[in-house]
Amino acid sequence: MKPRGLRNNNPGNIRRSDTLYVGEKESTDPEFKQFTSMAYGYRAMFMLLYTYQVRYGLNTLQSMIARYAPESENNTSNYIRQVSAWSGIDPNSRLTTTNRDTMIPLVSAMSRFENGVPSVPQEVEQGWGLFIADIQK
């Protein structure tokens, strides 16, 4: 069976909240959001990380993942270590969330950690396209 995040078209396992994302549908999952397609699930991940940078001043892989996957629910240090290894991004280097060459590998690695399987590059690219088009409006 496919991992829960992939069944929900929510590769980042974004929890249910009052925030409504483009492409989100009414969720039948008691804990996590559901999206109409994987592209919209990836778009939500890019948007969430962008919001972390713009609203909260988080600009490193370490600070973003510490908020995204807090110790109260996750082994955050392992999450950071794995995503850093898979993406090739130093946990403490300064990131720009509108930089495609940084964010696509980062979100791909986060999806891999969340779901236990590598992401589909085309779906991540589609999500990036939706995200970047929205913030450039």
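Our structure is the block above this text.
To keep things clear, this report deals only with the structure shown in the data block. Going along each chain's sequence as written, the residues are numbered from 1 onward. Note on the predicted model: pLDDT of at least 70 is required for a residue's local features to be given, and 80 or more for side-chain atom pairs to be given and counted; whole-chain, interface and lining totals, by contrast, use all residues. Side-chain numbers come from the whole structure's heavy atoms, not from hydrogens or water.

1. With respect to helix 3 (residues 61-68)
Turning to step 1, where the next piece is worked out: Along helix 3, the residues that are buried comprise Leu-61, Met-64, Ile-65 and Tyr-68. Buried residues of helix 3, seen end-on, are gathered within an arc of 90° and therefore sit on one face of the element. Buried, partly exposed and exposed residues are distinguished by accessible area as a fraction of the type maximum, computed with a 1.4 Å probe on protein chains only: under 20%, between the cut-offs, and over 50%, respectively. Segments assigned H or I by DSSP are reported as helices when at least four residues long, segments assigned E as strands when at least two residues long, and all are numbered from the N terminus. Throughout, the arc means the angular range of directions from the helix axis out to the C-beta atoms.

2. Concerning the pattern of salt bridges
Turning to step 1, where the next piece is worked out: When a carboxyl oxygen of Asp or Glu lies within 4 Å of a side-chain nitrogen of Lys or Arg, that pair is called a salt bridge. Overall, the coordinates contain eight salt bridges when judged by the stated rule.
Turning to step 2, where the next piece is worked out: Asp-101 is paired through a salt bridge with Arg-100; the nearest N and O atoms lie 3.7 Å apart.
Turning to step 3, where the next piece is worked out: By relative accessible area, which is 60% here, Asp-101 ends up exposed.
Turning to step 4, where the next piece is worked out: Taking the shortest distance from any N to any O, the salt bridge between Arg-100 and Glu-125 comes out at 2.5 Å. Of the two residues, Arg-100 sits in helix 5 (residues 100-115) while Glu-125 sits in helix 6 (residues 121-135), which places them 25 residues apart along the sequence.
Turning to step 5, where the next piece is worked out: Residue classification places Arg-100 among the partly exposed positions, given a relative accessible area of 36%.
Turning to step 6, where the next piece is worked out: Connected through shared salt-bridge partners, Arg-4, Arg-15, Asp-29, Glu-31 and Glu-73 make up one network.

3. A few points about the packing of aromatic side chains
Turning to step 1, where the next piece is worked out: Any pair of Phe, Tyr and Trp rings, taking the six-membered ring for Trp, is counted once the centres come within 6.5 Å. Such a pair is stacked with planes under 30 degrees apart, edge-to-face with planes over 60 apart, and tilted for the rest. Summed over the entire model, instances satisfying the criterion amount to eight aromatic pairs.
Turning to step 2, where the next piece is worked out: Between Tyr-50 and Phe-131, the aromatic rings sit 5.6 Å apart at their centres with planes inclined by 70°, giving edge-to-face as the arrangement. Here the residue Tyr-50 occupies a position in helix 2 (residues 38-56), and Phe-131 occupies one in helix 6, the gap between them amounting to 81 residues.
Turning to step 3, where the next piece is worked out: In this scheme, Lys NZ or Arg CZ marks a charge over a ring once it lies within 6 Å of the ring centre and within 35 degrees of the ring normal. The residue whose ring lies beneath Arg-67 is Tyr-56, and the NZ or CZ to ring-centre distance is 3.9 Å.

4. Some details on the side chain of Thr-97
Turning to step 1, where the next piece is worked out: Tracing the chain through its elements places Thr-97 in the loop between helix 4 (76-87) and helix 5.
Turning to step 2, where the next piece is worked out: The term polar contact refers here to a pair of N or O atoms within 3.5 Å; inside protein, the definition further demands a hydrogen-donor-capable atom paired with an acceptor-capable atom, and it admits residues adjacent in sequence only when both atoms are side-chain atoms. Of note is the side chain of Thr-97, whose polar atom sits 2.6 Å from the side chain of Gln-53.
Turning to step 3, where the next piece is worked out: Residue contacts are counted whenever heavy atoms from the two residues lie within 4.5 Å of one another. Other than its neighbours up to four places away in sequence, Thr-97 contacts Leu-49, Tyr-50, Gln-53, Met-64, Met-103, Trp-128 and Phe-131.

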